[in-house]
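Chain by chain, the residues run as shown.
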Number of protein chains: 2
Amino acid sequence: MKFTCPQSVLSEAILTVSKAVSSKSTHPALNGILIEANGSEVTLTGNDLTLGIETKFVAEVEQEGSVVLPARLFGEIIRKLVPLNVLIESNDNYETKILCDRSEFKIMGMSDAEFSEIPEVDSNSGVQIECGLLKGMIRQTLFATSLDESRPILTGALFEFEPDRLSVVAIDGYRLALRQAMLHSDLSGKVVVPAKTLNEVAKILSGVPDAEIVYVLFTDHHILFEFNQIRIVSRLLEGEFIKYSQILPKDNKTVAKAKTDELLNSLERASLMAKESKNSSIKLSIKPQRMNILSNVEIGSVNEEVTIDLSGPELDIGFNPKYLIDALKVMESEWVTLEFSTNVSPCIMKPVNHGFYTYLVLPVRMA
Amino acid sequence: MKFTCPQSVLSEAILTVSKAVSSKSTHPALNGILIEANGSEVTLTGNDLTLGIETKFVAEVEQEGSVVLPARLFGEIIRKLVPLNVLIESNDNYETKILCDRSEFKIMGMSDAEFSEIPEVDSNSGVQIECGLLKGMIRQTLFATSLDESRPILTGALFEFEPDRLSVVAIDGYRLALRQAMLHSDLSGKVVVPAKTLNEVAKILSGVPDAEIVYVLFTDHHILFEFNQIRIVSRLLEGEFIKYSQILPKDNKTVAKAKTDELLNSLERASLMAKESKNSSIKLSIKPQRMNILSNVEIGSVNEEVTIDLSGPELDIGFNPKYLIDALKVMESEWVTLEFSTNVSPCIMKPVNHGFYTYLVLPVRMA
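Residues numbered from 1 in each chain as written. Chains lettered and ligands numbered in written order. Predicted model: local features only at pLDDT ≥ 70, side-chain atom pairs only at ≥ 80, totals over all residues. Heavy atoms only, no water.

- As named in an unreviewed UniProt entry, chain A is Beta sliding clamp, taken from Acidaminobacter hydrogenoformans DSM 2784.
- The UniProt entry for chain A carries the following comment under Sequence similarities (unreviewed entry): "Belongs to the beta sliding clamp family."
- Check the Subunit (unreviewed entry) section of the UniProt entry for chain A; it says "Forms a ring-shaped head-to-tail homodimer around DNA." (UniProt positions renumbered as here; feature names shortened; annotations may be inferred.)

Structure follows, in structure tokens:
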């Protein structure tokens, strides 16, 4: 194998696929990147068996072939080279030469026979979704996935495809985040995508223009995100997700409307005091025109006041402030509504500008 | 105690003194900031008994007095307040109220009787040094202090005051960094300042304009840095520093001159390969007009080439590349000279633009 390409192109491609490479597997090929040169194209692949990422770029290929190189070392070397053309050349023993300006490296590589190719995801149908929308859907739900491995299904987010919409849902036992989008597709079904995958997808998408189209396909065991010469294939989580629509309360009598950033800042300040105690909860005291955010701990107390529009009865209710803060950070709306029924029922938070985001959080019992 | 001042002023003052507050002492006052309001001025002090920092600012003082507040919590609260005026008010029980816009905090404080004031450093004489120069002298030496607590004196840098110059020296057993500056002063003597102190001084100075004057005084046990309403007092390290001038070799036959950034980049790349082995050394092969940087490890090899001007005989010599890289990063000169005698004698590195910086590094034996 022998090809030449600009250092910056190769470096960015390595960065992309490295997100799917294990860093300390005992199986050397899992710590490696597969490099394949064919025609006028080079393909890089990383695969940690849960997540696989592949990216292609145009190169001057003098000799077709393939090699697996240790990902961390290869990535560090390429990143540090001067920004000129890089020549990569492997011999039959997979010894690989890297030449760039006055730098010459040799690395012992491996055969691609050691490498697990990422699965093909074949499907007649898929959805097309704008990158900016998909990023938003992930950002507004991912943080509410569970970290608790004892219920593995909740460590991922549900993607529910219906003919006219996509819903993404995450639940961790204390809160639920639901983001919907109207999408025309001929795809129907439910899959649960691991949080790690969504995290890596979000990182890669962050560098992609919002208007770019992402193709999403799935089979029984895998989901594929494809865009811009990049393919991301992930295993799905097996099992039944919680029937979330039954959880969402229907009638909430108390509705408070507040400025999102005012409420966020006040809660962040109040949480500084709340964090000084073990239970770290705050109390919302909701009255006409104002909401007070209160916390009393051994070392002191806080009383924050926020202007609200209230309809319905007054209410005192306790929360872990982190759960409110997480949602306000991704509300993407100047104003937010908080809906309550009683002080032992869940609170629903929604942006005022559209109805596509719903966040539910359980209260805590007040001392 | 009762005073009002802008949130930004108070927040910056807390940030400054917090660098001298322990974060987890079992003695609560050591985790605290002393706040004193007198006349039209407020003084904040942090003191972890090795390092003390004091800063003053103008405030609207309604009632004089003092209190000690937990540094981390107090700092986090003030930093998060809206950028308006803040009112701080303590009662006789040291319960302290913080009012700002619609935020109200109460914190249990302590009496200043619990707090160790920072020592007075009285001296008839001192040096005045421009902030930019002092920053440079610290930056060029601090990294060469030792981390090995078994020889505590080397965990600090020697400040040698002579009538016409200041020399700062750090030695860790493998290398020596010496920075000198011509300064008119009536101060003579040698003190060893802990690396931690210099690290914090450098951080605080990084926000101070280069032309600002810093006053430096010392007594038998303490050194004082004073500038811009800030006083930093540190304990000195006790003991005899190494007589560094005896270490510096006099006649080096081989002298290579290289572009600093070219050499730095090549060494950084070569060290990526060297790090893959336990001894992590590289070989410099010095010839007329070029220097090759070589490393051979199990997983591969590297050969970097750098253009040099050589005078004197050719030489092959081994180094830990980190020690060369550290010095090149702070050389502050477009060109650098490397002087060698034999391949078992130290190498001397110097900037080409002036003679005030000398860096010595020991070679390693080559395989």
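## Some points on the overall build of chain A
- Summing up its helical and strand segments, chain A has six helices and 25 strands in all.
- Along the first, second and third principal axes, the C-alpha atoms of chain A reach 75 × 50 × 35 Å.
- Scored against the burial criterion, the 367 residues of chain A give a buried share of 55%.
- Sequence-distant contacts, at least 24 apart, represent 66% of the contacts inside chain A between residues at least 6 apart.
- If you sum the accessible surface of chain A, you get close to 16,400 Å²; carbon and sulfur atoms cover 48% of it.
- Here chain A contributes 36 positive and 49 negative side-chain charges, whose respective centroids are spaced 8 Å apart. (Helix = DSSP H or I, 4+ residues; strand = E, 2+ residues; numbered from the N terminus. Buried < 20%, exposed > 50% of the residue type's maximum accessible area, 1.4 Å probe, protein only. Contact = heavy atoms within 4.5 Å. Areas by Shrake-Rupley, 256 points an atom, 1.4 Å probe, with all protein chains shown as cover. Lys, Arg positive; Asp, Glu negative; His and termini not counted. Charge placed at Lys NZ, Arg CZ, Asp CG, Glu CD.)

## Digging into the UniProt feature "domain: DNA polymerase III beta sliding clamp N-terminal" (unreviewed entry) in chain A
- The feature "domain: DNA polymerase III beta sliding clamp N-terminal" (unreviewed entry), as given by UniProt, occupies residues 1-118 of chain A in the numbering adopted here.
- Secondary structure across residues 1-118 of chain A divides into 19% helix and 47% strand, with the first and last C-alpha atoms of the span separated by 21 Å.

## Here we look at the nonpolar core
- The biggest cluster of nonpolar side chains holds 104 residues, and the ones touching the most others in it are Phe3(A) and Leu284(B).
- No other element matches helix H5 (residues 260-274) of chain B, which puts seven residues into this core.
- Aside from chain neighbours lying at most four places away, what touches Phe3(A) is Ile35(A), Ala37(A), Val42(A), Phe57(A), Ala59(A), Glu60(A), Val61(A), Glu62(A), Val86(A), Leu87(A) and Ile88(A).
- Counting residues in hydrophobic clusters, the runner-up holds 103 residues, among them Ala274(A), Val330(A), Cys5(B) and Ala59(B). (Core = buried A, V, L, I, M, F, W, Y, C linked by side-chain atoms within 4.5 Å.)

## Some thoughts on the pairing of strand S22 (residues 315-319) of chain B
Residues and elements named next belong to chain B.
- S22 sits mainly inside the fold: four of its five residues count as buried.
- Looking at chain direction, strand S19 (residues 282-287) and S22 are connected through five bridges and run antiparallel. Residue pairing in the sheet places Lys283 in a bridge with Gly318 of S22. (Pairing = 2+ DSSP bridges.)

## As for the pattern of salt bridges
- One pass over the full model with this rule turns up 46 salt bridges over all chains.
- One salt bridge connects Asp48(B) with Lys196(B), and the closest N-O pair in it is separated by 3.6 Å. One end of the pair, Asp48(B), is in the loop between strand S3 (41-47) and strand S4 (51-58); the other, Lys196(B), is in helix H4 (residues 195-205), with 148 residues separating them in the sequence.
- By relative accessible area, Asp48(B) is classed as buried at 16%.
- On the basis of relative accessibility, which here comes to 39%, the residue Lys196(B) falls in the partly exposed class.
- Residues Asp172(B) and Arg175(B) are paired through a salt bridge, measuring 2.8 Å at the closest nitrogen-oxygen approach.
- Note on Asp172(B): relative accessible area 14%, which makes it buried.
- Assessed through its relative accessible area of 5%, Arg175(B) is described here as buried.
- Connected through shared salt-bridge partners, Glu54(A), Lys56(A), Glu120(A) and Arg231(A) make up one network. (Salt bridge = Lys/Arg side-chain N within 4 Å of Asp/Glu carboxyl O.)

## Here we look at the packing of aromatic side chains
- A full pass over the atoms with the stated rule returns twelve aromatic pairs over all chains.
- Seen in terms of ring centroids, Phe159(B) and Phe225(B) are 6.5 Å apart; in terms of plane orientation they differ by 75°. Their pairing is edge-to-face. Placement of the pair is Phe159(B) in strand S11 (residues 156-162) and Phe225(B) in strand S16 (residues 222-227), with a sequence separation of 66 residues.
- Under the relative-accessibility criterion, Phe159(B) is labelled buried at 1%.
- Overall, the relative accessible area of 1% leaves Phe225(B) in the buried class.
- An aromatic cluster of three or more residues is present, and its members are Phe159(A), Phe161(A), Phe218(A) and Phe225(A).
- The side chain of Lys257(A) reaches across the aromatic face of Trp335(A), ending 5.1 Å from its centre. (Phe/Tyr/Trp six-rings, centres within 6.5 Å; stacked < 30°, edge-to-face > 60°. Lys NZ or Arg CZ within 6 Å of the ring centre and 35° of its normal.)

## Observations concerning the sheet that holds S4(B)
Residue and element names in this part refer to chain B.
- What the eight strands build is an open sheet, ordered S6-S2-S3-S4-S17-S16-S15-S10; its pairing is antiparallel. What marks the edges here is a single partner per strand, and that holds for strand S6 (65-70) and strand S10 (127-130). When the angles between neighbouring strand axes are averaged without regard to direction, this sheet yields 20°.
- Across the sheet, helix H3 (residues 131-139) lies against S10, strand S15 (213-218) and S16, angled at about 85° from S10, the strand it touches most. (Axes fitted to C-alpha atoms, helices over the stretch in contact; angles between N-to-C directions.)

## Digging into the UniProt feature "domain: DNA polymerase III beta sliding clamp central" (unreviewed entry) in chain A
- In the numbering used here, UniProt assigns the feature "domain: DNA polymerase III beta sliding clamp central" (unreviewed entry) to residues 129-241 of chain A.
- Here residues 129-241 of chain A is 18% helix and 42% strand, with 23 Å between the C-alpha atoms at its ends.

## Quick notes on the side chain of Ser103(B)
- Position of Ser103(B) among the secondary structure elements: in strand S9 (residues 103-108).
- For Ser103(B), a relative accessible area of 2% translates into the label buried.
- At 3.0 Å, the side chain of Ser103(B) and the side chain of Arg269(A) are in polar contact.
- Engagement of the side chain of Ser103(B) in a polar contact is seen with the side chain of Glu304(A), the distance being 2.7 Å.
- Not counting residues up to four positions away in its chain, the partners in contact with Ser103(B) are Arg269(A), Asn303(A), Glu304(A), Leu81(B) and Ile98(B). (Polar contact = N/O pair within 3.5 Å; in protein donor to acceptor, adjacent residues only side chain to side chain.)

## Focus: the relation of the copies chain B and chain A
- Mapping chain B onto chain A is achieved by rotating through 180° and translating by 0.0 Å along the same axis, at an RMSD of 0.0 Å. Each copy turns onto its partner about a two-fold axis.
- The share of interface residues of chain B whose copies in chain A are also at the interface is 100%, consistent with both copies meeting through the same surface. (Least-squares fit on C-alpha atoms with pLDDT ≥ 70 in both.)

## Some points on the sheet that holds strand S6 (residues 65-70) of chain A
All names here are of chain A.
- Strand order in this open sheet of eight strands is S6-S2-S3-S4-S17-S16-S15-S10, and the pairing throughout is antiparallel. Looking along the sheet, the strands with just one partner apiece sit at the ends: S6 and strand S10 (127-130). Averaged over neighbouring strand pairs, the angle between their axes works out to 20° when direction is ignored.
- Here S10 pairs with strand S15 (residues 213-218) via four bridges, running antiparallel. Residue pairing in the sheet places Glu130 in a bridge with Ile213 of S15.
- Helix H3 (residues 131-139) contacts S10, S15 and strand S16 (222-227) of the sheet and is inclined by roughly 85° relative to S10.

## Observations regarding the packing of helix H5 (residues 260-274) of chain A against helix H2 (residues 71-80) of chain B
- For the pair H5(A) and H2(B), interaxial distance at closest approach is 9 Å and the crossing angle is 170°. By the angle between their directions, the pair H5(A) and H2(B) is classed as roughly antiparallel. Facing Glu268(A), Arg269(A), Leu272(A) and Met273(A) of H5(A), the residues of H2(B) in contact are Leu73(B), Glu76(B), Ile77(B) and Lys80(B).
- Across the contact of H5(A) with H2(B), the residue classes break down as four nonpolar, no polar and four charged. (Parallel < 35°, antiparallel > 145°, perpendicular 65-115°, else oblique. Nonpolar A, V, L, I, M, F, W, Y, C, P; charged D, E, K, R; others polar.)

## Regarding the pairing of strand S20 (residues 290-297) of chain A
All names here are of chain A.
- Bridge analysis of strand S19 (residues 282-287) against S20 gives five bridges, and the strand direction is antiparallel. Bridge pairing in S20 links Ser285 to Asn292.
- Counted along the chain from S19 to the antiparallel partner S20, the turn is two residues long, and its residue Gln289 has a positive phi close to 75°.
- In sequence, S20 turns back onto strand S21 (residues 300-311) through a hairpin of two residues.

## With respect to the domain arrangement of chain A
- As assigned here, chain A comprises domain 1 (2-114), domain 2 (127-245) and domain 3 (248-361).
- Of note, the centres of domain 1 of chain A and domain 3 of chain A, computed from C-alpha atoms alone, are 50 Å apart. (Domains from an automatic or database assignment.)

## Points about the environment of Ser245(A)
Residues and elements named next belong to chain A.
- For Ser245, the location among the structural elements is in the loop between strand S17 (230-235) and strand S18 (254-259).
- For Ser245, a relative accessible area of 47% puts it in the partly exposed group.
- As for Ser245 and Thr337, which are separated by 92 residues in sequence, their C-alpha atoms are 20 Å apart.

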